Amino acid sequence: MEALRKRFLGKEYEPFTVEVEKGRIAQFARSIGEGNPIYFDTEAATKAGYRAIPAPLTFPYSVTMDAGQSFNVLEDMGVDKNRAVHGEQGFTYHHDICAGDTITGQQKIVDIYDKKSGAMIFIVTETRLSNQHDELAANLHSVIVVRNT
Amino acid sequence: MTEEKDYADIGIGASVPTLSRGPISRTQLALFAGASGDHNPIHLDDEQARAGGLDGVIVHGMLMMAILGQMLSGWVSQARIKKFSSRFAAMSVPGDTIICSGIVVDKREEGGEKLADVEIKAENQKGDALLKGMATVIIG
């Protein structure tokens, strides 16, 4: 455990960039059963006070998936992804993410701990997403649980 | 934002209007896989799910969380939502209905904003807890 912490705690991964497309937001919104026109129609979005079509609340996680950020940490740590489950997910929103934005992100390992004498390992990462104006848009907090038995 | 509702008098103990979605179909899992970018076969292919020790395909945790998020953004404009987090407490399978609810547990002021902390959860039709989370929304 201490060796893992020493090697990976505080490690930052390569920054990534993802473009947020209007059609992708619509497809995402439809797949989650969302019907609010702000996610499909630019005029409806701007009428509701948004710059453009806003990304739904959990869409930022897909931005990180598109950039291959869900498995890179496990691969780096040599963890079999079949033993890993998503334990917890958090979002802190600072600026809206909208269609047309170019999002840059970076993932960092902020905690590693175990429970049950190492039978379960918890890997906690933070991913900061900034927009094309260098404004912090959202912060993602992910907990991955690895069964180590 | 243009919404005109007045949230400032929301009290501790107030409930968020519940949202139910379901039954979740395999088709929805396939569409969500494509739309979300989560192509893990444990959500799409029974054989591969069983090889991973499951009884069959399971619902994406992030699909359940997206439904929980819709309860929040259906209650207040999404621009008012500052924080949204959830623990994945149990797995859900196709055929399940996801039932979301929330209750205001605290009100406070921070940086000139009036905030409400909301305890949120999603359960299936049997009452099993699927998600347990918290959200912070701006109410004034």
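This is a predicted model, so every value here is computed, not measured.

## Examining the pairing of strand 2 (residues 84–93) of chain A
Pairing geometry for strand 2 of chain A and strand 5 (residues 136–147) of chain A, over nine bridges, is antiparallel. Bridged to F91(A) within strand 5 of chain A is L140(A).

## Details of the pairing of strand 1 (residues 16–19) of chain A
All names here are of chain A. By the alternation rule, side chains of strand 1 split into F16 and V18, which are all buried, and T17 and E19, of which none is buried. The pairing of strand 1 with strand 3 (residues 102–115) spans four bridges and is classified as antiparallel. Within strand 3, the position partnered with F16 by the bridge is G105.

## Concerning the pattern of salt bridges
As enumerated under the stated definition, the model contains 11 salt bridges over all chains in all. One salt bridge connects E110(B) with R108(B), and the closest N-O pair in it is separated by 2.6 Å. Overall, E110(B) belongs to the partly exposed group, its relative accessible area being 44%. On the basis of relative accessibility, which here comes to 29%, the residue R108(B) falls in the partly exposed class. The residue R108(B) makes a salt bridge to D117(B) at a minimum N-O spacing of 2.7 Å. One salt-bridge network, in which partners are shared between bridges, spans E2(A), R5(A) and D111(A).

## Some thoughts on the interface of chain B and chain A
Taken together, the 31 residues of chain B in the interface contact 30 residues of chain A. At the boundary of chain B with chain A, total buried surface from both sides reaches about 2,400 Å², with 55% on carbon and sulfur atoms. Three residues, A35(B), M62(B) and Q78(B), lead the burial of chain B against chain A; their summed loss comes to 25% of the area buried on that side. Across the chain B-chain A interface, the total number found is zero salt bridges. Counting across the chain B and chain A interface gives 15 residue pairs in polar contact (both at pLDDT 80 or more). For the side of chain B that touches chain A, the secondary structure elements donating two or more residues are helix 1 (26–36), helix 3 (61–75) and strand 2 (81–88) of chain B. For the side of chain B that touches chain A, the element with the highest residue contribution is helix 3 of chain B, accounting for nine residues. Considered class by class, the residues forming the side of chain B that touches chain A number 14 nonpolar, 12 polar and five charged. Looking at chain direction, strand 2 of chain A and strand 2 of chain B are connected through five bridges and run antiparallel. Bridge pairing links E88(A) to R87(B) in strand 2 of chain B.

## Re the environment of K82(B)
As for its position among the elements, K82(B) is in strand 2. With near-sequence residues (within four places) excluded, K82(B) lies in contact with F91(A), T92(A), Y93(A), E113(B), L115(B), T136(B) and I138(B). Of note is the side chain of K82(B), whose polar atom sits 2.6 Å from the side chain of E113(B).

## Observations concerning the packing of helix 2 (residues 22–31) of chain A against helix 1 of chain B
The interhelical angle for the contact between helix 2 of chain A and helix 1 of chain B, taken along N-to-C directions, is 155°, at an axis separation of 9 Å. What the angle tells us is that helix 2 of chain A and helix 1 of chain B run roughly antiparallel. Where helix 2 of chain A crosses over helix 1 of chain B, the two elements pack in a sense that is left-handed. Packed against helix 2 of chain A, whose contacting residues are R24(A), Q27(A), F28(A) and S31(A), the element helix 1 of chain B presents Q28(B), L31(B), F32(B), G34(B), A35(B) and S36(B) at the interface. When grouped by side-chain class, the residues that make up the contact of helix 2 of chain A with helix 1 of chain B number four nonpolar, five polar and one charged.

## With respect to helix 4 (residues 59–66) of chain A
All names here are of chain A. Most of helix 4 sits inside the fold, with seven of its eight residues counted as buried. Of the positions making up helix 4, those classed as buried are F59, P60, Y61, S62, V63, T64 and M65. Trailing helix 4 by a residue or two, G68 shows a phi angle of about 70°, which is positive.

## Some points on the sheet that holds strand 5 of chain A
Taken in spatial order, the 10 strands line up as 1(A)-3(A)-4(A)-5(A)-2(A)-2(B)-5(B)-4(B)-3(B)-1(B) in an open sheet, and their pairing is antiparallel. Among the strands making up the open sheet, the edge pair consists of strand 1 of chain A together with strand 1 (15–21) of chain B. Each adjacent strand pair in this sheet contributes to an overall mean axis angle of 20°, direction not counted. Docked against the sheet, helix 3 of chain B engages strand 2 of chain A together with strand 1, strand 2, strand 3 (98–110), strand 4 (113–123) and strand 5 (129–138) of chain B, running at close to 145° with respect to strand 2 of chain B.

Reading the values: the criteria
Residues numbered from 1 in each chain as written. Chains lettered and ligands numbered in written order. Predicted model: local features only at pLDDT ≥ 70, side-chain atom pairs only at ≥ 80, totals over all residues. Heavy atoms only, no water. Pairing = 2+ DSSP bridges. Helix = DSSP H or I, 4+ residues; strand = E, 2+ residues; numbered from the N terminus. Buried < 20%, exposed > 50% of the residue type's maximum accessible area, 1.4 Å probe, protein only. Salt bridge = Lys/Arg side-chain N within 4 Å of Asp/Glu carboxyl O. Contact = heavy atoms within 4.5 Å. Buried area = accessible area lost by both parts, 1.4 Å probe. Polar contact = N/O pair within 3.5 Å; in protein donor to acceptor, adjacent residues only side chain to side chain. Nonpolar A, V, L, I, M, F, W, Y, C, P; charged D, E, K, R; others polar. Axes fitted to C-alpha atoms, helices over the stretch in contact; angles between N-to-C directions. Parallel < 35°, antiparallel > 145°, perpendicular 65-115°, else oblique. Left-handed = near helix turned anticlockwise from the far one by under 90°.

Keep in mind these values describe shape, not function.
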